[in-house]
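# Structural description and commentary
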Amino acid sequence: MNEKRSVYSTAYRTGRVGALRATDVGTQVTLGGWVHRSRNLGGLVFIDLRDIDGIVQVAFGTDWAAASVLAMAAAVGVESVVLVEGTVVARSDSTKNPEMGTGDIEVHATAMRVLGPAVTPAIPVARGKGEKMAAEELRLRHRHLDLRRPELQANLVLRHRLMQTTRAYLSERGYLELETPVLTKPTPEGARDYLVPSRVHPGEFYALPQSPQIYKQLFMVSGFDRYFQIARCFRDEDLRADRQPEFTQIDIEASFVSQDDILALAEGLIVSLWREAGFDIPSVFPRMTYAAAMERYGCDRPDLRYGLEIVDYTDAFREVAFNISQAAIDAGGRVRGIIVPGGAVWSRKQVDEVEALAKDAGAGGLLRLRRLDGKLDGPLAKFVDGVGAFDALPDGALMLFVAGSDRVSNPALDRARQECARRLAIVRDDDRQFVIVTDFPMFERDPATGALAAVHHPFTAALAADVAAHPDHPERWRAQAYDVVLNGTELGGGSIRTHDPVTQSHMFDLLGIGDREEQERRFGFLLEALRSGAPPHGGVAFGFDRIAMLLSGAPSLRDVIAFPKTTAARALFEQAPTRVPAADLKDLHIRSDES
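The structure reproduced in this document is the subject of the present report. (Residues numbered from 1 in each chain as written. Predicted model: local features only at pLDDT ≥ 70, side-chain atom pairs only at ≥ 80, totals over all residues. Heavy atoms only, no water.)

### Concerning the sheet that holds strand 11 (residues 287-289)
For clarity, the threshold we go by: Here, any two strands with at least 2 DSSP bridges between them count as paired. Secondary structure follows DSSP: runs of H or I at least 4 residues long count as helices, runs of E at least 2 residues long count as strands, and numbering of each begins at the N terminus. Residues count as neighbours in contact if any of their non-hydrogen atoms are within 4.5 Å of one another. In this analysis an axis means a line fitted to C-alpha atoms, helices contributing only their contacting stretch, and an angle means the value between N-to-C directions, from 0 to 180 degrees.
Judged by pairing direction, the sheet is mixed, and its eight strands sit side by side in the order 6-9-10-22-21-20-17-11 without closing on themselves. Among the strands making up the open sheet, the edge pair consists of strand 6 (176-177) and strand 11. With respect to the sheet, helix 4 (residues 150-171) is in contact with strand 6, strand 9 (226-234) and strand 10 (246-255), its orientation differing from that of strand 9 by roughly 150°. Contacts from helix 17 (residues 544-552) reach strand 10, strand 20 (481-486), strand 21 (489-496) and strand 22 (537-543) within the one sheet, and its direction differs from that of strand 22 by about 45°.

### Things to note about empty space enclosed by the protein
This is how it is decided: Cavities and pockets are defined on a 1 Å grid built over the protein atoms alone: a cavity is a set of grid points where a 1.4 Å probe fits but cannot escape, while a pocket is an open set with protein on both sides within 12 Å along at least five of seven lines, and lining residues are those with an atom within 4 Å of any such point. Grid points are joined across faces, edges and corners, and a volume is the space filled by probe spheres set on the points. Classification convention: Asp, Glu, Lys, Arg as charged; Ala, Val, Leu, Ile, Met, Phe, Trp, Tyr, Cys, Pro as nonpolar; all other residues, Gly among them, as polar.
Tallying each qualifying case throughout the model produces three cavities of 30 Å³ or more. Its boundaries defined by the atoms lining it, the largest cavity holds a volume of some 120 Å³. Along the wall of the largest cavity there are 15 residues; nearest its centre are Thr-184, Lys-185, Thr-187, Ser-211 and Tyr-215. Residue contributions to the lining of the largest cavity peak at three residues, all from helix 5 (residues 213-221). Per-class residue counts for the lining of the largest cavity are seven nonpolar, five polar and three charged. Lining of the second largest cavity is provided by Ile-123, Pro-124, Val-125, Arg-127, Met-133, Ala-134, Arg-139, Leu-145, Asp-146 and Arg-149. For the lining of the second largest cavity, the class distribution of residues is six nonpolar, no polar and four charged.

### Quick notes on the packing of aromatic side chains
Keep this limit in mind: The pairing test for Phe, Tyr and Trp rings, Trp by its six-membered ring, is centres within 6.5 Å, and the orientation test on the planes gives stacked under 30 degrees, edge-to-face over 60, and tilted for anything in between. To sort residues, take the accessible area from a 1.4 Å probe on protein chains only and compare it with the maximum for the residue type: under 20% means buried, over 50% means exposed, and anything in between is partly exposed.
Under the counting rule described, the total for this entry stands at 16 aromatic pairs. Ring plane angle 75° and centroid distance 5.1 Å describe the contact between Phe-317 and Phe-401, whose orientation is recorded as edge-to-face. With Phe-317 in helix 8 (residues 314-317) and Phe-401 in strand 16 (residues 398-404), this pair connects stretches of sequence that are 84 residues apart. The burial state of Phe-317 is the same as that of Phe-401; both residues are buried.

### Quick word on the layout of surface pockets
In this model, the second largest pocket occupies a volume close to 1,100 Å³. Going through the elements one at a time, strand 7 (195-197) and helix 18 (582-587) are the ones with two or more residues in the lining of the second largest pocket. Class assignment for the residues of the lining of the second largest pocket results in 18 nonpolar, five polar and 12 charged.

### Quick notes on the pairing of strand 22
In terms of burial, strand 22 is largely enclosed, as six of its seven residues are buried. Looking at chain direction, strand 10 and strand 22 are connected through seven bridges and run antiparallel. Counterpart to Asp-251 in the pairing with strand 22 is Ala-541. Bridging between strand 21 and strand 22 involves five bridges; their strand directions are antiparallel. Residue pairing for strand 22: Ile-496 is matched across the bridge by Gly-538.

Spelled out as structure tokens, the structure:
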């Protein structure tokens, strides 16, 4: 009799269970896996045997298996690891299972060994139809069991394939996969560093990298003109549901490149990753400036799957004797809003719920106007009747406005726009609208102190034309920075870097990063490298975890990371972080004030 062998054959098994098909009928197999389910029908016992490739039905019957084997199969507990020997046979038409890859066959087992007996699992791995999963916190506590679920295993297999696609795509284009340090020097990159005390240098600390930014620039100075890394990064950020304190990014840098060079590479990589996951997308993404994105959508990562674009109605409201709008205009603000088709039939409660989101985003409220049965209605109706700009409001439509500065109206209208689209059910999950946002502001001012802060990071280059036109007004400069956005989600971003040491030092000056001596202390290694001759260079980085989540259809980042942290930044499966003995702290020359 033929024996089934495969690339997965070992001293224990002939292959994986989930790979068996009808073409294997008649072959002898030895299979290892986990008991997914079992059914005892007296003289016939069925075990669903599972491995990472899938599930196969194994049958133990009195016609082909000894009584001792049948008894062992009947007694084995779920999630136990077993080894079975038998023959692949075809199922009858009435017993085939089209929902399983192995549904056309089953294995008639003649021998069985229990290799790893299992206690009753703390959480169920196999679930019946309609049966809910255990609570997420419990699943994270018992992650080794949760990772046995086929859907999570499929996510991690896809993650592997995406990594290999990334490596192949970049390697084929001459990029070298180079590693950068994990123990680094603290630098300002927008979030708190995770600090690591040095035992051999009392009172001194390393930082875990927020990104490999400076190191990849040093590679460019060193002559490695095309670099990439699938890099682990660490940010001690405030707790957020969609963030992990440690994450993976696809990090890319190249020399002698323009912004268009980097963006063409980025588009090709994204197309390759989406193709690997089974999706065809356009090879070139539309471009949009930051200013246009903010004006039309109220945010720098616009969702282009629907309209509801923001329109400036300031000029129309100049003709309206309405105190709220007039006060906003007199203070230098604007009146902007959206038209919601079909929104005129919404109840006051429904519109109040949209307004509550706008208020959460900083607005004082929403001004409302609707046209119902041909007539204007709402608190504004008597003030705007006869003003031409509002005569074009379609019947059945609702208008929502925010009066105030752009700093207030942009986030408020962004939230209102998203919520209205959700209520109108006009967003299709299978619609993929990519856009590249360019020409970000170089700096933003702190509204309280007036101090400049870098919108991206201190190493981004400004547009030369803006620096020449406004040498004394850096707040007017635009950066050579760009983001890749899909359906309102930022996939990644980057910039062309400052490669001139004098300009880089001036950037530090503008950001208030110390005097020249302080700059040398903190960034001397970078400035020294730039002084040694640096080529023009730039790069991009993509959030790999987020890409894997989107392509797998997983609802959370935690579903595409093998051992994630909770939203409270805790690893429940290993109970980290945890307290350490005082003696260990003493060795590190630190002391904890926590009791």
